[in-house]
Amino acid sequence: MRMKTNQSKNNIQNPLPQGGNIIKRYLTRDAKSPAHAEYLKRERIQQLWVRFTQVALLIFLLALWEILTHYRILDPLLFSQPSKIWSMFISMLLKGELHNHIIATVLETIVGFILGTVSGTLIAIVIWWFPFLSRVLDPYLVVLNGMPKVALGPMFIVAFGGGYGGIIAMAIAISIIITTIVVYGSFREVDKNLIKLAKTFGANKRQIFQKIILPASFPTIVSTLKVNVGLAWVGVIVGEFLVSKQGLGYLIIYGFQVFNLTLVFVSLFIVAICASVMYQGVAILENRILRNRG
Amino acid sequence: MSKDIIKFNNVCKTYVTMEGETEALRNINLSIREGEFIAILGPSGCGKTTILSLLAGLISPTSGSITIWNKEVKSTSQNVGYMLQHDYLLNWRTIKQNIMLGLEILKQNTKENRDYALELLDEMNLLPFQNYYAHQLSGGMRQRVALVRTLAIKPYILLLDEPFSALDYTTRLRLEDLVSETLRKRNKTAILVTHDIAEAISMADRIIIMATSPGRIKREIEVPPPLRDPLPFSSRKVPEFQKYFQLIWREMNENENESIQK
């Protein structure tokens, strides 16, 4: 899901061009010629329709949910209600009951995400540097990668304690192996001729890595960031399910245990927003970093 | 007559892998004079690129020796510049940063050397593009950047591994002239690997024809002055050009029949 600026939302109210001059001017902005204006107009109307439909779909689903639970076609005890979820969200927010949970979970996720990605990349560098090691470790990586990391949860709690330690360890565990495998794979896929080129200038191993391998693999590393954001969220939420006394994962489990499904939905709503914001942040970073590449 | 700068003495090269071994070169003997432009012509798989890699010090011979100025080639050296089949410009660097790659690796990234590289870029009429990225340039421009990158480290010997093969015909003809002129002006020794007979005749002072499996020298042909002196494009118009083309064509086809019979 992409979040969009208000600008397009304002225009959604009247997506068709028969309106006043302002709309027409917006639709044909930056046109180089009448034909180009026509093209831009078509593209932009299309774009506005997409936005409009997206918002309409959301409103429709929420309204359906509200109506079905209001008339007891769906049990509001099980499915809660958008209006109840919203008012609980607002009241918790105002009472300051959410801040600690959000901060705890977001921090755990960010730390887990960064540590998972960085250490996965570092391991990939080490294996690239020592081909012997890569051959030795190959079966281990395969097994570890195939292993559902969540199953290791109890081990992490024993090893790192029930607080932040165990949860962050879970977030790291879930992303580190796949990062290693993907990044190491991209190191190996770098065009051999680029390496040959560096060698013709007498480059040593460190220079080959620094000048060729690492920058060539940057797009892959950045794209693992995007995957790892999602994985870190999985790790943290599962970690919180298992042990914690605070965090959004804790709220979900707690809400479930006391059968307050509204609380569960409030938490899910916040998780969805935080995760989307982080994902967008990484996507923007990716664009920045890779802007100049052909 | 100038002195020999490069010598191959009975060089053999066999590649070994888990699957077995391939004899790439057998008993190569070759001397190259300073400032000479040599073209190595032959079918694919005749070890042309192996000769360049040996000379560049990227690989070592199985037996025999290669010397540059009577010193055995043991590793890569700044005396030798290698221009590959494609430009291999790094897409994360600007043109200016690309041409400095060799200087950076050799830790000679001084103001003086950088200025020299920019001068070369100017000579190729590419100075206005120094802050562009490689994907914004055409194939011919990119290959010219690659030439600047190779020349920026001031090599005495230039190895050209089919540097024009990926370009369209017009660009190719223009670039042949440009490269010839640039190398002549600086009196560089050059070895061009190609499978294009016309390119070999128009650019080289001497042509080495190779045969395949195993790769060996079949014949050497001196290109006469009327073909050698003008720039490549003009020498294509000299009457003798056709005669030499036919001669080499016959020689190379003989090669082919010979290997089919085997």
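Everything quoted here is computed from the prediction, not taken from an experiment.

Asks: Tell me about the interface of chain B and chain A, and please be specific about residues and values.
Replies: At the interface, 18 residues of chain B touch 17 residues of chain A. Looking at side-chain class alone, the side of chain B that touches chain A contains twelve nonpolar, five polar and one charged residues.

Asks: Go over helix α4 (residues 111–123) of chain B with me, naming the residues and quoting the values.
Replies: Residue and element names in this part refer to chain B. Compared with an ideal rise of 1.5 Å per residue, which puts 13 residues at 18 Å, α4 spans 18 Å between its outermost C-alpha atoms and is within 8% of the ideal. Within α4, the full set of buried residues consists of A117, L120 and L121. The arc that holds every buried residue of α4, seen down its axis, measures 100 degrees, which confines them to one face. Opposite the buried face of α4, by more than 90 degrees, sit the exposed residues K111, E112, D115 and E119.

Asks: Residue-level account of unusual backbone geometry, with values.
Replies: Looking along the chain, the bond that leaves S213 of chain B and enters P214 of chain B is cis, with omega of -10 degrees. As for its placement among the helices and strands, P214 of chain B is situated in the loop between β9 (206–211) and β10 (216–222). The backbone of F259 of chain A shows a phi angle near 55 degrees, a positive value even though the residue is not glycine. Examined against the element boundaries, F259 of chain A turns out to sit in the loop between α12 (248–257) and α13 (261–290). In this structure, N70 of chain B is a non-glycine residue whose phi angle is positive, near 65 degrees.

Asks: Before we move on, could you go through the pairing of strand β1 (residues 4–17) of chain B and cite the residues and values that matter?
Replies: Residues and elements named next belong to chain B. Inspection of the sheet shows β1 paired to strand β2 (residues 20–33) by ten bridges, in the antiparallel sense. The partner of K13 across the bridge, within β2, is L25. Counting the residues that bridge the hairpin from β1 to β2 gives two residues. By the bridge criterion, five bridges tie β1 to strand β4 (residues 63–68) in an arrangement that is antiparallel. Each bridged residue has a counterpart across the sheet, and for K7 the counterpart in β4 is T67.

Asks: Break down the domain arrangement of chain A for me, citing the residues and quoting the values.
Replies: Under the domain assignment used here, chain A contains domain 1 (6–74) and domain 2 (99–290). A C-alpha centroid distance of 37 Å is found between domain 1 of chain A and domain 2 of chain A.

Asks: Which residues make up the sheet that holds strand β5 (residues 71–72) of chain B, and what are the values?
Replies: All names here are of chain B. Pairing within the open sheet is antiparallel, and its four strands lie in the order β2-β1-β4-β5. Each end of this open sheet is capped by a strand with a single partner; those strands are β2 and β5. Looking at chain direction, β4 and β5 are connected through two bridges and run antiparallel. Bridge pairing links T67 to E72 in β5.

What counts as what
- Residues numbered from 1 in each chain as written.
- Chains lettered and ligands numbered in written order.
- Predicted model: local features only at pLDDT ≥ 70, side-chain atom pairs only at ≥ 80, totals over all residues.
- Contact = placed C-beta atoms within 7 Å.
- Nonpolar A, V, L, I, M, F, W, Y, C, P; charged D, E, K, R; others polar.
- Helix = DSSP H or I, 4+ residues; strand = E, 2+ residues; numbered from the N terminus.
- Expected span 1.5 Å × (residues − 1).
- Buried ≥ 20, exposed ≤ 12 C-beta atoms within 10 Å, placed from the backbone.
- Arc of directions from axis to C-beta.
- Pairing = 2+ DSSP bridges.
- Domains from an automatic or database assignment.

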